[in-house]
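# Analysis of the macromolecular model
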Amino acid sequence: MLGSSSVLVNNQESLHSEWFAGRIIDWQQQYGRCGLPWQGADAYRIWLSEIMLQQTRVATVIPYYLRFVDRFPAIPVLAAESEEMVLAYWSGLGYYSRARNLHSASRIIMQQHNGEFPHQFKDILALPGIGRSTAAAISAFAFHERCAILDGNVKRLLARYYAIDGYPGEQKIEAMLWEKAEALLPEKNVAIYTQGMMDLGATICTRSKPECCRCPVQAGCVAHRNGCVALLPTPRLRKKLPERKTTFLLLRNGSDILLEKHTGRVIWGGLWCPPQLDIQIPGDIESVRVYCRQFFNVEVINVLALPKFLHTFTHFKLHIFPLLIDVAVEDTLKAQETGMAWMGLDDAQCAAIPSPVRKLLQEIQKNCWES
DNA sequence: TATGCGTGGGG
DNA sequence: TCCCCAAGCAT
């Protein structure tokens, strides 16, 4: 049978949750972030913002978000557009599967939900690109449902508040954090509470130099009491990133550049990139001439090795060796047979291209290296 | 600490 | 320069 001490503990926990949530809610209303472009917006915009904000800073997202909602103001518009157009507006933001999933989800919403963003948590969670935390955030912000989120801010905050040792990405630790997040959830004002948790993590309980003296829940924070705030959350063990090399073949025909579309769930999937060789090839004109004849059926006029540079991904470093290769092409439409396309530099700038390709194209245009 | 998937800012 | 990782998800 359940002892009275257990009842007492439950009462204390519930009292503590009430205190905690009250402090968070009051703090949010006084000091939380307001005026972010998606705050108080419709479900579509909240959804879009949550997807863009995955692993991405607010300051980075804002200009992308504004451009995106201007071009795709509602779900039916988004669904009617091509994936490529959507990727063009995502270009530079990274994690492009987010854009592909967003677009795919918009079509699912048209077919299965009459074009209206679903209200049920389970329906939201079923959409591609939406996991537990994102579904909860949308449910809380758009529909005021009582759902707990667990994003990076909340993980850091809870790891400190309860002095939970261990890397939060680890399954066991993450499960503990979810438990705490659920237990603290208030009965009312979930949207303000959720925003407050994010805001507190983003502005006070920051990774470095947290401002504990301004924290509304400092009194209950175990890490603060124990003086171990700076040690939490436990950083991940990181191995040295592997390094790879690639040669970018920037074939130029007049003011056109040859690009090929990456397909499938690969790096830069769905984006247009110059043809690549996953080695560093000699930049002398003879080697390049032989290669270009064989693979692109073009005559090389001139080769210029542009400065190499480093591009770092989450899981590897890529040394990029760009070669600007001026060529003579008779039939520019023939490239389409092999999934490639000649694009004017201006068009390419507006296309779905990854960040380092954009930088290179800008440089080529700016410097006007002679043909 | 499963791994792949981008990019840019801060220390 | 280098390493950290930011409103995570899919497989």
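Remember, predicted model here, so these are calculated numbers, not experimental data.

About the criteria used
- Residues numbered from 1 in each chain as written.
- Chains lettered and ligands numbered in written order.
- Predicted model: local features only at pLDDT ≥ 70, side-chain atom pairs only at ≥ 80, totals over all residues.
- Heavy atoms only, no water.
- Buried < 20%, exposed > 50% of the residue type's maximum accessible area, 1.4 Å probe, protein only.
- Helix = DSSP H or I, 4+ residues; strand = E, 2+ residues; numbered from the N terminus.
- Contact = heavy atoms within 4.5 Å.
- Domains from an automatic or database assignment.
- Buried area = accessible area lost by both parts, 1.4 Å probe.
- Polar contact = N/O pair within 3.5 Å; in protein donor to acceptor, adjacent residues only side chain to side chain.
- Nonpolar A, V, L, I, M, F, W, Y, C, P; charged D, E, K, R; others polar.
- Phe/Tyr/Trp six-rings, centres within 6.5 Å; stacked < 30°, edge-to-face > 60°.
- Lys NZ or Arg CZ within 6 Å of the ring centre and 35° of its normal.

### With respect to helix α2 (residues 43–52)
- The buried count for α2 comes to 9 of 10 residues, which makes it a mostly enclosed element.
- Of the residues making up α2, those classed as buried are A43, Y44, I46, W47, L48, S49, E50, I51 and M52.
- The inward-facing, buried residues of α2 contact α3 (58–71), α4 (75–80), α5 (83–90), α6 (97–112), α8 (132–143) and α11 (190–203).

### Focus: the domain arrangement of chain A
- When cut into domains, chain A gives domain 1 (9–231) and domain 2 (243–367).
- Across the contact, 8 residues belong to domain 1 and 16 residues belong to domain 2.
- For the domain 1 and domain 2 pair, buried surface summed over both sides reaches about 820 Å², with 47% attributable to carbon and sulfur atoms.
- For the pair domain 1 and domain 2, the interface holds 6 residue pairs in polar contact (both at pLDDT 80 or more).
- At 3 residues, the largest contribution of residues to the side of domain 1 that touches domain 2 is made by α5.
- Residue composition of the side of domain 1 that touches domain 2, by class: 4 nonpolar, 2 polar and 2 charged.

### Looking at the packing of aromatic side chains
- By the definition in use, this model includes 14 aromatic pairs.
- Seen in terms of ring centroids, W47 and F117 are 5.2 Å apart; in terms of plane orientation they differ by 45 degrees. Their pairing is tilted. With W47 in helix α2 and F117 in the loop between α6 and α7 (121–125), the pair connects residues that are 70 residues apart, well separated along the chain.
- Each residue in the set F68, F72, Y89 and W90 is aromatic and connected to the rest through ring pairs, giving one cluster.
- A cation sits over an aromatic face here: R67 above Y64, 4.9 Å from the ring centre.

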